[in-house]
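Remarks on the overall topology
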Amino acid sequence: MTKIKVIVTGHGHYASGMRDAIEMIVGNPRHMTFIDFSSDDSEDDLRERFIQEVNTAGGKDIVFLTDLLGGTPFYVAAVLTQTNSHISIVAGGNLASLLETLFKDYPSGRAYAEDIVHITKNAASVLPQ
């Protein structure tokens, strides 16, 4: 696996739900961290948890996967990109994209983020066709 840290975050139990599903299917993804944003959390609480994870990344590229474009988890991560050029953010990724990217190598966090978007778009479908 490439040296990219993934931080999955979102409102409610979005992140922990993604973690539980990934662990059920493939086991513990060691390069991923899951941070829920609950109604008891403030924006500052979330920022502190993000900063702690960024600081422990050891110089790795970081990809944030957030639930919503423009939501608080997205916004707080976006502020971090202003002082950390090695951070990319994906809004609206899904379980299929995280599972598929687990077993690929990427040259950069940006390439990882772009593949998450590509897979997410291709994983959505309407049946019957």
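Refer to the structure printed above.
About the cut-offs
- Counting restarts for each chain, with residues numbered from 1 along the sequence as it is written.
- Given that the model is predicted, a residue must reach a pLDDT of at least 70 before its local features are reported, and side-chain atom pairs must reach 80 or more before they are shown or counted; all residues, however, enter totals for whole chains, interfaces and linings.
- Hydrogens and waters are ignored; side-chain quantities use all the structure's heavy atoms.
- Under the DSSP-based scheme used, a helix requires at least four consecutive residues in state H or I and a strand at least two consecutive residues in state E, with every element numbered from the N terminus.
- Only heavy atoms matter for contacts: two residues are in contact if any of them lie within 4.5 Å across the pair.
- Remark: exposure states derive from per-residue accessible area (1.4 Å probe, protein chains only) relative to the maximum for the residue type, with buried under 20%, exposed over 50%, and partly exposed in between.
- An arc is given here, and it is the one of the directions from the helix axis to the C-beta atoms.
- Pairing between strands requires that DSSP locate at least two bridges from one strand to the other.
- Every axis corresponds to a line fitted to the C-alpha atoms, with the helix fit spanning only the stretch in contact, and the corresponding angles, defined between N-to-C directions, vary from 0 to 180 degrees.

Some remarks on the environment of glycine 93
Topologically, glycine 93 is positioned in the loop between β4 (87-91) and α4 (95-101). Spatially, the C-alpha atom of glycine 93 lies 6.4 Å from that of leucine 65, the residues being 28 residues apart in sequence. Leaving out residues up to four positions away in the same chain, glycine 93 has contacts with Tyr14, Leu65, Thr66, Ile116 and Thr120.

A closer look at helix α3 (residues 72-81)
Of the positions making up α3, those classed as buried are Pro73, Phe74, Val76, Ala77 and Leu80. All buried residues of α3 lie within an arc of 165 degrees about the axis, which places them on one face of the element. Each element contacted by the buried residues of α3 is listed here: β1 (4-11), β2 (32-37), α2 (43-55), β3 (61-66) and β4.

Observations regarding the sheet that holds β2
A sheet is described by the order of its strands in space; here four strands give the open sequence β2-β1-β3-β4, paired in parallel fashion. A strand with exactly one partner marks an edge of an open sheet, and here the two such strands are β2 and β4. Pairwise comparison of adjacent strand axes, ignoring direction, gives a mean angle of 20 degrees for this sheet. As defined by bridge partners, β3 adjoins β4 across five bridges and the pair is classed as parallel. Residue pairing for β4: phenylalanine 64 is matched across the bridge by isoleucine 89. Relative to β2, α2 is tilted by about 175 degrees, and along the sheet it contacts β1, β2, β3 and β4. Contacting β1, β2, β3 and β4, α3 runs over the sheet at an angle of about 160 degrees to β4.

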